[in-house]
Amino acid sequence: MYYEIRELKAKSFQVSLENGKVENAKYSEYSGKSFRVLKNGFWGYFVGNLKDEEGLKRAEKLAIFEADSEVDSTPFEGSFIFKQKKKLEDVSVEEKVEFLRELDKILKREGIVSRKLTYLEVFRNVRIKNSSGGEVSYEVPRCGVIIQAYAKGETLQFYGERLMRVGGFEVVEKACEVAEKVAETVLKLTKAKTPPSGKMKVVMDPSLTGVFVHEAFGHAVEADHVLQNASVLAGKLGEKVADESVTIYDDPTLEEFGFFPFDDEGFKAERKTIVEEGVLKSYLHSRETAKKLGGRAGNGRSDALDFPIVRMSNTFLSPGEYTLEELLEEVKEGVILFGSRGGETNPATGYFHFNTKYGYIVRKGEIEEMIRDVSLSGNTLETLRRVKASKDLAFDPGFCGKAGQLVPVADGGPYTLVEAFVGGE
């Protein structure tokens, strides 16, 4: 019989400023334990604040059927405390609200009809031990701000940016620059034109490249999808799935929003090479999928005390050898697109459809008029077979949803030149 005990203590604070008015100031504390028992190949799972022996008994009583689950039970030991440069607890609530008011002054200008700023912080203390003798613990803070604005001109437009990362209050030190970008971009968008349509050359900015890698490719390498035969990459390990210039990593050790020192199964975090020079090298695994498919665990994550499932962390396309100017020179008639406003992907077929934040027409290598309400679609593997990447690398934070659970992640990459279908939303 295999078991794990996970103990979580979490604190969070969030406050919003909407059109200059403080809204929704909320502080919460949470603590609890989860007990997971694997017996006769079947999981029993219990959540409650009980002593270890009693909690395990409750979980074992739920493991009443027989199945074929097994785990990689490799034990790890260690502890980790993330050091904040400016501790969240040393900044008062009044100072955090004043910080939002300073950002609001930047947004408050003619043409902007609605403004919203949200400050958030989360502190997570986790301890995990298992029946193999493993015992790990860690403390990780996260902090960030979300800046949003509506503007009215020729059209009514919305634009928003997020600045979120692992760390203390130092994470939001450059928020004024982000607020300036939001104000300038949303006002320009009110005069932007509708996009052209059809298959064309597209330069994606690092943010959109990251979303493409996460949504259109990353979910397809999650091993639970592979085992369910719901991934276009099932059975393709060792095969060439992209251009030789394409290398993709998932790395929870990077100090981005998806950082963790140990996953929620107590497995030590490490960089995973998913694609190397165009060849599919590995899937992402929990302890259970690693045992079934022969891979390396370390991507078992959960929302609070939910059952851990296979998730990404900081997923990114490695930089290439081109400059942005060299990529643009190859576009005689196309577009350059920035950011993502969501979309849909199908890991089983590889087809994707994203809505981008904005873009520009590119003619003969020159960036010209702004366009709005742009969508991008295509097939993941076909797109990755013809891609060129710049030397840049940047990450964009967010929360990834799967099976009703949200976890913090970051997506990243360089500017990339691809060919895809462009159209209006």
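Cut-offs used in this document
Residues numbered from 1 in each chain as written. Predicted model: local features only at pLDDT ≥ 70, side-chain atom pairs only at ≥ 80, totals over all residues. Heavy atoms only, no water. Helix = DSSP H or I, 4+ residues; strand = E, 2+ residues; numbered from the N terminus. Rg over C-alpha atoms; globule rule 2.2 N^0.38 Å. Buried < 20%, exposed > 50% of the residue type's maximum accessible area, 1.4 Å probe, protein only. Contact = heavy atoms within 4.5 Å. Areas by Shrake-Rupley, 256 points an atom, 1.4 Å probe, with all protein chains shown as cover. Lys, Arg positive; Asp, Glu negative; His and termini not counted. Charge placed at Lys NZ, Arg CZ, Asp CG, Glu CD. UniProt positions renumbered as here; feature names shortened; annotations may be inferred. Core = buried A, V, L, I, M, F, W, Y, C linked by side-chain atoms within 4.5 Å. Domains from an automatic or database assignment. Phe/Tyr/Trp six-rings, centres within 6.5 Å; stacked < 30°, edge-to-face > 60°. Lys NZ or Arg CZ within 6 Å of the ring centre and 35° of its normal. Buried area = accessible area lost by both parts, 1.4 Å probe. Salt bridge = Lys/Arg side-chain N within 4 Å of Asp/Glu carboxyl O. Patch = residues over 30% accessible without salt bridge, like charges linked within 9 Å, V, L, I, M, F, W, Y side chains within 5 Å.

Below, the discussion takes up the overall build of the protein. For the protein, the helix and strand inventory stands at eight helices and 22 strands. For a compact globule of 425 residues, the expected C-alpha radius of gyration is about 22 Å, and the protein comes in at 23 Å, within 12% of that figure. In terms of principal-axis extent, the alpha carbons of the protein reach across some 65 × 55 × 30 Å. Expressed as a percentage of its 425 residues, the buried residues of the protein come to 54%. Excluding contacts between residues fewer than 6 apart, the proportion of contacts in the protein whose partners are at least 24 apart in sequence is 72%. Carbon and sulfur atoms make up 46% of the accessible area of the protein, which amounts to about 19,100 Å² in all. The centroid of the 60 positive side-chain charges in the protein is displaced by 2 Å from the centroid of its 69 negative side-chain charges.

A few words now on the UniProt feature "domain: Metalloprotease TldD/E N-terminal" (unreviewed entry) in the protein. Feature annotation in UniProt assigns "domain: Metalloprotease TldD/E N-terminal" (unreviewed entry) to the following positions: residues 3-64. As a span, residues 3-64 carries 18% helix and 66% strand, and end to end its C-alpha atoms are 15 Å apart.

Most peptide bonds are trans, and most residues other than glycine sit at a negative phi. With phi around 55°, Asn 24 is a residue other than glycine that occupies positive phi space. Relative to the elements of secondary structure, Asn 24 occurs in strand 2 (residues 21-39). A relative accessible area of 55% means that Asn 24 is categorised as exposed. Positive phi, normally seen in glycine, also occurs at Ala 304, with a value near 55°. Secondary-structure assignment places Ala 304 in the loop between strand 12 (300-301) and strand 13 (309-310).

Most often, soluble globular proteins have nonpolar side chains that are buried together. Grouped together as the largest cluster of nonpolar side chains are 45 residues, with contacts concentrated most on Phe 99, Leu 100, Leu 103, Tyr 119, Val 145, Ile 147 and Ile 336. Here this core takes seven residues from helix 3 (residues 175-189), the largest share from any one element. Among the domains, domain 1 (8-29 + 77-190) and domain 2 (198-423) are the pair contributing at least three residues each to this core. Residues within four places of Ile 336 in sequence aside, it is in contact with Val 203, Leu 324, Leu 328, Tyr 358, Gly 359, Tyr 360, Val 362, Ile 367 and Tyr 415. Listed in part, the 41 residues of the second largest apolar core include Val 211, Phe 212, Leu 233 and Val 241.

It is worth spelling out the UniProt feature "domain: Metalloprotease TldD/E C-terminal" (unreviewed entry) in the protein at this point. As annotated by UniProt and renumbered to match this structure, "domain: Metalloprotease TldD/E C-terminal" (unreviewed entry) occupies residues 197-421. The span residues 197-421 is 16% helical and 40% strand by assignment, and the distance between its end C-alpha atoms comes to 7 Å.

Following the criterion strictly, the structure yields 23 aromatic pairs and no others. Centroid distance Phe 42 to Phe 65: 5.3 Å. Interplanar angle 70°. Geometry classified as edge-to-face. Taken together, the residues Phe 42 in strand 3 (residues 42-47) and Phe 65 in the loop between helix 1 (52-62) and strand 4 (77-81) connect sequence positions 23 residues apart. Overall, Phe 42 belongs to the partly exposed group, its relative accessible area being 26%. On the basis of an interplanar angle of 50° and a centroid distance of 5.9 Å, the ring pair of Tyr 119 and Phe 169 is categorised as tilted. In this pair, Tyr 119 is assigned in strand 5 (residues 112-130) and Phe 169 in the loop between strand 7 (156-166) and helix 3, connecting sequence segments 50 residues apart. An identical accessibility class is assigned to Tyr 119 and Phe 169; each is buried. An aromatic cluster is defined as three or more aromatic residues linked by ring pairs; in this entry it consists of Tyr 2, Trp 43, Tyr 45 and Phe 307. Lying over the aromatic face of Phe 307, Arg 36 brings its terminal NZ or CZ to 4.9 Å of the ring centre.

Moving on to the domain arrangement of the protein. Domain parsing of the protein yields domain 1 (8-29 + 77-190) and domain 2 (198-423). For domain 1 versus domain 2, the distance between C-alpha centres works out to 24 Å. At the interface, 26 residues of domain 1 touch 29 residues of domain 2. Between domain 1 and domain 2 lies a buried interface of about 2,300 Å² when both sides are counted; carbon and sulfur atoms form 62% of it. Viewed at the interface, domain 2 and domain 1 are joined by two salt bridges. Between Glu 161 and Lys 357 there is a salt bridge, with the nearest N and O atoms lying 3.8 Å from each other.

The next subject is a negative patch on the surface. On the surface, a cluster of negative charge is made up of Glu 321, Glu 325, Glu 326, Glu 329, Glu 366 and Asp 392. The dominant element in the negative patch, judged by the number of residues it contributes, is helix 7 (residues 324-329), at three residues. Within the fold, Glu 321 resides in the loop between strand 14 (314-317) and helix 7. In this structure Glu 321 comes out as exposed when scored by relative accessible area, which is 58%.

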